[in-house]
Structures are given as structure tokens and as C-alpha cells.
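Here is what each chain is made of, one letter per residue.
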Amino acid sequence: MKIVEAKVIVCCPGRNFVTLKITTDEGVYGIGDATLNGREKAVVSFLEDYLCPMLMGRDPQQIEDIWQYFYRGVYWRRGAVNMTAIAAVDTALWDIKAKLANMPLYQLLGGRSRDRILVYTHANGKDIPQTLEAVAKAKEAGYKAIRVQSGIPGVEKTYGVAKEGKNYEPADADLPSEEMWSSEKYLNFLPSLFAQVREQFGDDLHLLHDVHHRLSPIEAGRLGKELEPFHLFWMEDPTPAENQEAFKLIRQHTTTPLAVGEIFNTIHDCRELIQNQLIDYIRTSVVHAGGITSLRRIADLASLYQVRTGSHGATDLSPVCMGAALHFDYWVPNFGIQEHMPHQPIVDEVFPHAYRFDDGYFVPGDSVGHGVEIDEKLAAKYPYKRMCLPVNRLEDGTLWNW
Ligand code: KDG
Ligand code: MG
């Protein structure tokens, strides 16, 4: 069997998505997500100019060899653009292999380890009353785990909070918009938010929060400690994870569980955090961490240290990634939780899928492959539009982590 076509499909049904479709000489095809939010065209070029021509004539069943060929063969290892492109190839090949085996992907991975997949969704508002309303809505929709973000008094625009009446989409402008940040105002405010959420909703809901890389290690230690009475499921990305030693300091100060890894792209980015038990959940995703092939290796390493998975699943990860992730989640023994930020209805139309939500949980469905398709005709109606993530500055104008 041979690969005869590898095609990149770019569309913007409300936000940009990049999809790779690999077709074999026997007519079987597979698709993979290749979306890197705000840098989509870099991955398109990486695929079209380099990886796609190199795939022609190869046996699509040699997933491991193809992964190694692109990972080792590029010489310039790792990196978000490179690993997102490799992930798209890998996901499409697993889709093909499962279709050839006439199985849903989770069966090929080893069968399911659970009946259903716990997901968390997002609730946010411009202030505490609006945020409480959003939590109530998510709870009514059946979610058992909710990520809570709120506007901060004295901070005009912040991460995770939707503009009036709109769904939250961080890539919001042709050129990066600017937000302002104050760690002091945030630290003074956040515990009161979680106190009110617990007071109103009791202890049954799992509550999560994303710090989005904004604090210094000692500030993160303080926040984790002050949030302890509200027993969060996790505190995410409390400080940038380039310096992984920094997490030792956070750990010394708090028992609030930590989740890191949505911007990691290889097992090497996770290794120190996992081996030193500095995190509780690893957030690497199918699309940004090199596909199912490398996500399996990361999960196996994590399992040695009782670190569980909690894959990234914001709306910039396409339904193709979500489908593949849910098959992975169904199988992976050390599963923790899966992020689910619902896509707009038009996105679900462009990407029809077998996975479905059921009362706070997901199941991947029993279609062969990963169960996600792309309607190419509909996708063609929504051409690419440049949309950038914002940047963030402190009150004195210093550029900060977004
Ligand atoms: O593209 C950036 C988003 O995916 C990111 O900001 C979302 O942090 C995020 C999360 O936890 O979902
Ligand atoms: Mg995050």
C-alpha cells in the first residue's frame, strides 16, 4: 500500500483550522489536525513544502518509521511548528490504520480502560456575579468539572474572559491586541472568587483554574496555598515552565494540584516535571505534541510517577484533534480529565464527528478510525483569515506573559 496524496486544507469557520488529508492508492484516507493558533500558515508551509512530498509512495502502515523519519530526519528537532506538522501526519496515519483494521482507533490502541471520559468546560464572566451565572449554566448542562475564570477589578481585559455576549476566542485580531496585567490585583482577588463559587455550589463540582503562565514561582506558591480551602482539581500553568526547577518552589508551598504542558511539544519538555513529581497532570495534546505516537510515550512516562493526563482541548484544537484525543483518553490507563471547550455549530458542521457528550462525560463513538470527517465543500466556503493571539503588558508597559 502506498500514499498517493497528502493535501492541506485550511478553513476559517469562525476561527482558523488546518487539516491534513492523506490518501492511499487503495482509496483509504485519514485526516489529522495541524492547527497552531496564530501561526497556522507556518505549519501549512512546513507540510506542503517538506513533509507532504516526502510522504509520497511511502507505506502508510509504517507509522513508527514515518514518525522517526520526520523527527530524527529533520535534524532540527522539536519546536511547535515541526511537531504540529508531525502530529498531523501521525494522526492521519493512525486514522488510516484503524480504518484498515475496521476498528475504532481506541480498539487498535489496546481497547478502552473506562466507560466514559470526564471532561471539564469553561465558565467565565466579567465579574463574580456573571461568573457565578456561567458556572450555574455549565452545571445545568451536566458538566461535573468546570474551569472558572473571571474579570479582575482594576484590570480592563484579561485571559479567559469573553467579550460581552460572545464566546471566548483568544485569537481576536489581524495583529495582536494588547491586554494589561497586574499580578497584585489578581492575587488579591482570586481567592474571593473561589470562596463564592464553593459557597454557592458546594463541594461536589470539580473546580479548575488557569493562571496562564502569569505568576512568579513564589507568587504561584502563595496562590496555591490561599486556594487550598477550595480544593481545586488543578491550578494550571502557574508560571512559565521553561525553568522546570521553579516548580520545586511552588511544590514546597502548596498541595493544590498542578497541571502543565499545553504548549509542550515533546517528551523532553515534560521529563523533569514528571520525574521529579512536580506536577499532577500533564496537558500535552495530540496536535501539539507530535501525535498519538508520542503522546503514548509521554503518558507511559507519566504513569511511572502517578501523573495523570489532562489534555488541552480549547477551541483552537479542531474536532479532528478532539476525536483523536477522545480515543486516546478512552484507552490511556492513567487518564485524569479532558478539556472540552465546545466548538461553534458551524465548526461541527464542517467537521462531522462520531464523538458525543453525555451528562458531563464524552464517548468517542464506534465509527472506524478516529471518527471525524471534514466536509471539504463546506470548508472551502470559509477562507483563511489572519487572527493573532493577544500580548500582555504590565501596568508600566513591560511586556509580560500572555
Ligand atoms: O491558543 C491558545 C489557547 O489554546 C489557550 O490560551 C487555551 O490555555 C488555554 C486552555 O487551557 O485551554
Ligand atoms: Mg491553559
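Parameters and conventions
- Residues numbered from 1 in each chain as written.
- Chains lettered and ligands numbered in written order.
- Predicted model: local features only at pLDDT ≥ 70, side-chain atom pairs only at ≥ 80, totals over all residues.
- Heavy atoms only, no water.
- Domains from an automatic or database assignment.
- Contact = heavy atoms within 4.5 Å.
- Salt bridge = Lys/Arg side-chain N within 4 Å of Asp/Glu carboxyl O.
- Polar contact = N/O pair within 3.5 Å; in protein donor to acceptor, adjacent residues only side chain to side chain.
- Helix = DSSP H or I, 4+ residues; strand = E, 2+ residues; numbered from the N terminus.
- Nonpolar A, V, L, I, M, F, W, Y, C, P; charged D, E, K, R; others polar.
- Buried < 20%, exposed > 50% of the residue type's maximum accessible area, 1.4 Å probe, protein only.
- Donors = N, O, S within 2.8 Å, 3.2 Å for Na, K, Ca; no water.
- Near = heavy atom within 4 Å.
- Areas by Shrake-Rupley, 256 points an atom, 1.4 Å probe, with all protein chains shown as cover.
- Phe/Tyr/Trp six-rings, centres within 6.5 Å; stacked < 30°, edge-to-face > 60°.
- Lys NZ or Arg CZ within 6 Å of the ring centre and 35° of its normal.
- Pairing = 2+ DSSP bridges.
- Axes fitted to C-alpha atoms, helices over the stretch in contact; angles between N-to-C directions.

**Digging into the domain arrangement of the protein chain**
- Domain annotation for the protein chain reports domain 1 (3-106) and domain 2 (108-366).
- A separation of 26 Å is found between the C-alpha centroids of domain 1 and domain 2.
- Listed by partner, the interface residues are 34 residues for domain 1 and 40 residues for domain 2.
- Counting every contact that joins domain 1 to domain 2 gives 3 salt bridges.
- One can count 20 residue pairs in polar contact (both at pLDDT 80 or more) joining domain 1 with domain 2.
- Put simply, the parts of the chain that give the side of domain 1 that touches domain 2 at least two residues each are β2 (17-24), β3 (29-33), α2 (63-73), α3 (80-100) and α4 (105-109).
- Of all the elements, α3 adds the most residues to the side of domain 1 that touches domain 2, at 10 residues.
- Counted by class, the side of domain 1 that touches domain 2 contains 20 nonpolar, 8 polar and 6 charged residues.

**Remarks on the environment of V391**
- Along the polypeptide, V391 turns up in strand β15 (residues 391-394).
- V391 gets classed as partly exposed once you look at its relative accessible area, which sits at 25%.
- As a C-alpha pair, V391 and P176 span 215 residues in sequence and 6.2 Å in three-dimensional space.
- V391 has contacts with P176, S177, E178, E179, L399 and W402, leaving out every residue within four places of it along the chain.

**Re the coordination of the magnesium ion (ligand 2)**
- Donor atoms from the polypeptide that bind the magnesium ion (ligand 2) are D210 (OD), E236 (OE) and E262 (OE), placed at 1.9 to 2.3 Å.
- All donors of the magnesium ion (ligand 2) belong to a single chain; written as a sequence motif, their spacing is D-x25-E-x25-E. Here the residue E236 occupies a position in strand β8 (residues 234-236), and E262 occupies one in the loop between β9 (258-260) and α9 (267-275), the gap between them amounting to 26 residues.
- Owing to a relative accessible area of 0%, E236 belongs among the buried residues under this scheme.

**A look at the site of ligand 1**
- In the region of ligand 1, 13 residues are neighbours, and N37, H212, E262, D316 and E339 sit closest.
- In the environment of ligand 1, an oxygen atom lies 2.8 Å from a nitrogen or oxygen atom belonging to the side chain of H212.
- E339 is positioned with one of its side-chain polar atoms (N or O) 2.5 Å from an oxygen atom of ligand 1.
- About the coverage of ligand 1: the protein hides 94% of its 320 Å² of free accessible area.
- Among the residues forming the shell around ligand 1, the class breakdown is 3 nonpolar, 3 polar and 7 charged.

**Observations concerning the packing of aromatic side chains**
- Applying the stated criterion across every chain yields a total of 17 aromatic pairs.
- With centroids separated by 4.8 Å and ring planes inclined at 50°, the aromatic side chains of W181 and Y186 adopt a geometry described as tilted.
- Look at Y186 and you get buried, because its relative accessible area is 4%.
- Among the aromatic residues, ring-to-ring pairing joins Y120, F233, W234 and Y281 into one connected group.
- The ring of Y69 has R58 lying over it, and the distance from NZ or CZ to the ring centre is 3.9 Å.
- In this arrangement the basic side chain of R116 is found over the ring face of Y361, its NZ or CZ atom lying 3.7 Å from the centre.

**Overview of the environment of R114**
- Relative to the elements of secondary structure, R114 occurs in the loop between α4 and β4 (117-125).
- Residues R114 and V332, 218 residues apart in the sequence, show an inter-C-alpha distance of 9.0 Å.
- Within the structure, R114 has its side chain in polar contact with the backbone oxygen of D329 (distance 2.7 Å).
- Within polar-contact distance, the side chain of R114 engages the backbone oxygen of P333 at 3.2 Å.

**Here we look at the sheet that holds β2**
- Sheet architecture is open: 3 strands sit in the order β1-β2-β3, paired in antiparallel fashion. Edge positions in the open sheet fall to β1 (3-11) and β3, since each of these has one partner strand only. Strand-to-strand twist across the sheet, computed as the mean angle between neighbouring axes with direction ignored, equals 20°.
- Two elements, β2 and β3, share 5 bridges in a ladder whose sense is antiparallel. In the sheet register, L20 faces β3, and the bridge partner there is G32.
- In this fold helix α1 (residues 40-55) packs onto β1 and β2, with an angle of close to 175° to the strand it touches most, β1.
- Its contacts with the sheet place α3 against β1, β2 and β3, and it is angled at close to 145° to β3.

**What about unusual backbone geometry?**
- Despite not being glycine, N102 shows a phi value in the positive range, around 60°.
- Here N102 falls in the exposed class, since its relative accessible area comes to 61%.
- Backbone geometry at Q277 places phi at a positive 50°, although glycine is not the residue there.
- Tracing the sequence through the fold places Q277 in the loop between α9 and β10 (281-282).

**Section: the environment of V135**
- Looking at the secondary structure, you find V135 in helix α5 (residues 128-140).
- Residues V135 and G154 lie 19 residues apart in sequence; the distance between their C-alpha atoms is 22 Å.
- Leaving out residues up to four positions away in the same chain, V135 has contacts with A123, I146, V148, V197, F201 and L205.

**What to know about the pairing of β15**
- Strand direction decides the pairing type here: strand β6 (residues 178-181) and β15, joined by 4 bridges, are parallel. Counterpart to W181 in the pairing with β15 is L394.
- Looking at chain direction, β15 and strand β16 (residues 399-400) are connected through 2 bridges and run antiparallel. The residue of β16 that forms the bridge with N392 is W400.

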